[in-house]
Amino acid sequence: MSKRRVVITGLGLLSPVGNEVEDSWENLLSGMNPVKPIKYFDVTDYKTNFAASLPSFNAEKYLDKKEIRRLDPFIQYGVVAAKKCILDSGIEDNPINLERIGVSIGSGIGGLGTIEYNANILAKSGTRKISPFFVPGSIINMASGYVSIKFGFKGPNISIASACSSASHSIGYSFRSIAYGDADLMLTGGAEMGITPLSVAGFIASKALSTRNESPQTASRPWDKDRDGFVIGEGAGCLMLEELEHAKSRRAKIYAEIIGFGMSADAFHMTSPPESAEGATSAMKNALNDAEVNPSDIEYINAHGTSTQIGDLTETSAIKKVFGEDTSNYIVSSTKSMTGHLLGAAGAIEAIYCILAIRDNVVPPTINLSNPGEGCDLNYSPNNASEITVSKSISNSFGFGGTNATLVFSELK
């Protein structure tokens, strides 16, 4: 059977640069930097003491007290981003077959904060003090599960956990679910709250985080020669994907079309990509093949761009292999230079930024890029947004375990 066309009809997010889509986008284009000292726990003994937190989040505006008490913050974030996305899509104003709406919201580490809390309770007070909502309130699939329950969506319901590729894989799965007829709409994306004592300590131990404590707002600096690791962030992003004719029938607002999805594995190392960049290269090629477009058709690449020495160099190499070294036809940028790295939610907010780049014909900057490192010689839109025609864009996500995902978006024609 031929694939059905899939469009984006709703967006919702919670991000370190803003909790509304338009605010977040405006702040991103201006080069806003939200990185501040960690506020959730004592970081006195931590080599890294900063993060990219949400500017504010009042769960009581969206959830009742029982929900707040029972659900890990990452689930709360996912539910709120989903609600914003649903409102933006306008489906509440249309008669929709709920059996044809699915949910796929991924996460990399899920409810680790709730796990930490209950582990401490167990050690101090024993089994009787453990909440009966501990397990269902912290497992990764409950972001999708609770959204399905709360809004009555009865189509496919699945969560994908593929580290920092989780949201992109979830979006890709949702795209194919609609393309091949399993659903007419999919609410998809990712949610993460990884700014917890154990998470931050673990990333410090693996030497993944920047330790630029004296100047945290300059810490996330993809492709700069002085980059020393990523800045951990938090938040959620959701997209409403919808079959094109279904969207037209209800006169939905259409942001863009999703036309391709590619995956691959490095099959190399638990945390580092190979110098050959084979995995990242394959993911991009597979996505372009799926979209049936040429590399020269892409004007903007939202890179994984985490601000790590090996990762940034390897992705640059992969981009050159796919798109060529002549950067006159495309621009690359890393919005993680502002948002930090939202782990399993990163691909969702970055997909949203790719879509908005198409809508507004502007590429967000890579901030803190003052002196590109050796081999990092593409046009990264350093420190200022770039106004160019963007008809097609791609978003890259690469995760621990060597898991890679690339999404392709296009203006609707």
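Let me begin by describing the structure that accompanies this report. Think of each chain on its own: its residues are numbered from 1, step by step along the sequence as written. Given that this is a predicted model, residues contribute local features only at a pLDDT of at least 70 and side-chain atom pairs are listed and counted only at 80 or more, while totals for whole chains, interfaces and linings are drawn from all residues. The side-chain numbers reported here are obtained from all heavy atoms of the structure, hydrogens and water having been left aside.

**Side note on the overall build of the protein**
Counting from the N terminus, the helices are the DSSP runs of H or I reaching at least four residues and the strands are the DSSP runs of E reaching at least two. When its secondary structure is counted, the protein shows twelve helices and eleven strands. Computed over its C-alpha atoms, the radius of gyration of the protein comes to 20 Å, within 12% of the 22 Å expected for a compact globule of 413 residues. Dimensions of the protein along its principal axes, counting C-alpha atoms only, are 65 × 55 × 40 Å. When checking whether two residues touch, look at their non-hydrogen atoms; a contact exists if any pair is within 4.5 Å. Of the contacts made within the protein by residues no fewer than 6 positions apart, 80% connect residues no fewer than 24 positions apart. Split by element, the accessible area of the protein, about 16,200 Å² in all, is 50% carbon and sulfur. Taken together, the 36 basic and 44 acidic charged side chains of the protein have centroids lying 7 Å from each other. All radius of gyration figures rest on C-alpha atoms, and the globule criterion is 2.2 Å times the number of residues raised to 0.38. Note on areas: Shrake-Rupley with a 1.4 Å probe; residue coverage comes only from the protein chains shown. Under the counting rule used here, the positive set is Lys and Arg, the negative set is Asp and Glu, and His together with the chain ends is not counted. Just so you know, the charge point we use is NZ for Lys, CZ for Arg, CG for Asp and CD for Glu.

**Some words on the side chain of Thr9**
Among the secondary structure elements, Thr9 is positioned in strand β1 (residues 6-14). Using a relative accessible area of 0% as the deciding quantity, one classes Thr9 as buried. Among the polar contacts made by the side chain of Thr9, one reaches the side chain of Glu242 at a distance of 2.9 Å. Among residues more than four places away in sequence, those in contact with Thr9 are Asp88, Ser89, Met240, Glu242, Ala247, Arg250, Ala252, Lys253, Ile254 and Tyr255. The cut-offs for exposure are 20% and 50% of the maximum accessible area for each residue type, with area from a 1.4 Å probe on protein chains only; residues under the lower value are buried, those over the upper are exposed, and the others partly exposed. Polar contacts here mean pairs of N or O atoms no more than 3.5 Å apart (in protein, one a potential hydrogen donor and the other a potential acceptor; neighbouring residues in sequence count only if both atoms are side-chain atoms).

**Looking at the packing of helix α3 (residues 73-89) against helix α5 (residues 142-151)**
Lines are fitted to the C-alpha atoms to define the axes, a helix being fitted only along its stretch in contact, and any angle between axes, read from their N-to-C directions, falls within 0 to 180 degrees. The N-to-C vectors of α3 and α5 enclose an angle of 45 degrees; their axes lie 9 Å apart at closest approach. Here α3 lies oblique to α5, going by the angle between them. In this structure, the crossing between α3 and α5 has a hand that is right-handed. Residue-level contacts link Phe74, Ile75, Gly78, Val79, Ala82, Lys83 and Ile86 of α3 to Met142, Ala143, Tyr146, Val147, Lys150 and Phe151 of α5. Throughout this description, any angle smaller than 35 degrees is read as roughly parallel, any larger than 145 degrees as roughly antiparallel, any in the 65 to 115 degree range as roughly perpendicular, and the remainder as oblique. Handedness of a helix crossing follows the sense of rotation of the near helix relative to the far helix, less than a right angle counterclockwise being left-handed and clockwise being right-handed.

**Focus: the packing of aromatic side chains**
Here a Phe, Tyr or Trp ring, Trp counted by its six-membered ring, pairs with any other such ring whose centre lies within 6.5 Å, and the pair is stacked when the planes are under 30 degrees apart, edge-to-face when over 60, and tilted otherwise. Applying the stated criterion to the full structure yields nine aromatic pairs. For the pair Phe203 and Phe400, a centre-to-centre distance of 6.4 Å together with 55 degrees between the ring planes defines the contact as tilted. With Phe203 in helix α7 (residues 197-205) and Phe400 in the loop between β10 (392-399) and β11 (403-410), this pair connects stretches of sequence that are 197 residues apart. Judged by relative accessible area, which is 38%, Phe400 ranks as partly exposed. Taken together through their ring pairs, the aromatic side chains of Phe57, Tyr62 and Tyr77 make up a single cluster.

**What about the pattern of salt bridges?**
Pairs can form between side chains of opposite charge whenever their charged atoms are close. Within this document, salt bridges are pairs made up of a side-chain nitrogen of Lys or Arg and a carboxyl oxygen of Asp or Glu, the two lying within 4 Å of each other. Enumeration according to the criterion identifies 17 salt bridges in this entry. Residue Arg250 pairs with Glu242 through a salt bridge whose shortest N-O separation is 2.7 Å. Glu242 matches Arg250 in its accessibility class, with the two residues each being buried. Its salt-bridge partner being Lys413, residue Glu411 comes within 4.0 Å of it at the nearest N-O pair. Within this structure, Arg4, Arg100 and Asp184 form a network of salt bridges that share partners.

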